[in-house]
Amino acid sequence: MTAYVVPISPISRQSVSVSLGQQSCQVTIDARPDLGVFVSVWVGTVPVVLSSLARDRVGLVRYAYTGFVGELKFMDTQGTDDPDFTGFGDRWILVYDDAAVLA
């Protein structure tokens, strides 16, 4: 198992290009007041998941049929609260696990 922390900043809207499990990925994060944090993931130009609601320690991709290798999830380093962009990269980290088994 290899866990990798995806670098994110404490801003409400951002896009990160990153290699995850030998996949060229684009991860976009959109934090909406009173609604939550939504994440979209593309491998190359293929959307894997669009506007998945982020919860603490809950996978964002979840399904094997997407073809995505591994899983992405937010983790609260100080408890079990759902992510808030003001603590991105510090309190809330975005973690990729290449050994995660999807349903």
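Above this note sits the structure.
Residues numbered from 1 in each chain as written. Predicted model: local features only at pLDDT ≥ 70, side-chain atom pairs only at ≥ 80, totals over all residues. Heavy atoms only, no water.

Colleague: In this structure, what is going on with the pairing of strand 7 (residues 92-97)? I would like to understand it.
Modeller: When a strand is regular, its side chains alternate between the sheet's two faces. Among the six residues in strand 7, six count as buried, and that is most of the element. Here strand 7 shows no split at all, with Trp92, Leu94 and Tyr96 on one side and Ile93, Val95 and Asp97 on the other all buried. Across four bridges, strand 1 (residues 3-6) lies against strand 7 in antiparallel orientation. Across the sheet, the residue bridging to tyrosine 4 is tyrosine 96, located in strand 7. (Buried < 20%, exposed > 50% of the residue type's maximum accessible area, 1.4 Å probe, protein only. Helix = DSSP H or I, 4+ residues; strand = E, 2+ residues; numbered from the N terminus. Pairing = 2+ DSSP bridges.)

Colleague: In this structure, what is going on with the sheet that holds strand 7? I would like to understand it.
Modeller: Whenever strands of a sheet pair, they do so through backbone hydrogen bonds, lying parallel or antiparallel. Pairing within the open sheet is antiparallel, and its three strands lie in the order 1-7-6. The open sheet is flanked by strand 1 and strand 6 (71-76), the only strands paired with a single partner. Shown here is a sheet whose adjacent strand axes are inclined to one another by a mean of 35°, direction ignored. (Axes fitted to C-alpha atoms, helices over the stretch in contact; angles between N-to-C directions.)

Colleague: Whenever I open this one, the packing of aromatic side chains confuses me. Can you help?
Modeller: Working definition: an aromatic ring pair is given by the centre-to-centre distance plus the angle between the planes. Enumeration over the complete set of coordinates arrives at three aromatic pairs. Residues tyrosine 63 and tyrosine 65 carry aromatic rings whose centres are separated by 5.8 Å and whose planes lie at 25° to one another, so their mutual orientation is stacked. Between phenylalanine 74 and phenylalanine 88 the ring centres are 5.3 Å apart and the planes differ by 25°, which places this aromatic pair in the stacked class. Of this pair, phenylalanine 74 sits in strand 6 while phenylalanine 88 sits in the loop between strand 6 and strand 7, and the two are 14 residues apart along the sequence. A relative accessible area of 2% places phenylalanine 88 in the buried class. Residue placement shows arginine 32 over the ring face of phenylalanine 38; its charged tip is 4.8 Å from the ring centre. (Phe/Tyr/Trp six-rings, centres within 6.5 Å; stacked < 30°, edge-to-face > 60°. Lys NZ or Arg CZ within 6 Å of the ring centre and 35° of its normal.)

Colleague: Looking at this model, I keep getting lost on the sheet that holds strand 5 (residues 46-53). Mind explaining?
Modeller: With antiparallel pairing, four strands are arranged side by side in an open sheet as 2-3-4-5. Unpaired on one side and paired on the other, strand 2 (13-20) and strand 5 mark the two borders of the sheet. For this sheet the average axis-to-axis angle between neighbouring strands, irrespective of direction, equals 15°.

Colleague: Would you explain unusual backbone geometry in this entry?
Modeller: Across residues other than glycine, the phi torsion is negative in most instances, and most of the peptide bonds are trans. Backbone geometry places glutamine 22, a non-glycine residue, at a positive phi of 65°. Looking at where glutamine 22 falls in the secondary structure, it is placed in the loop between strand 2 and strand 3 (23-32). Backbone geometry places aspartate 34, a non-glycine residue, at a positive phi of 65°. Structurally, aspartate 34 is set in the loop between strand 3 and strand 4 (36-43).

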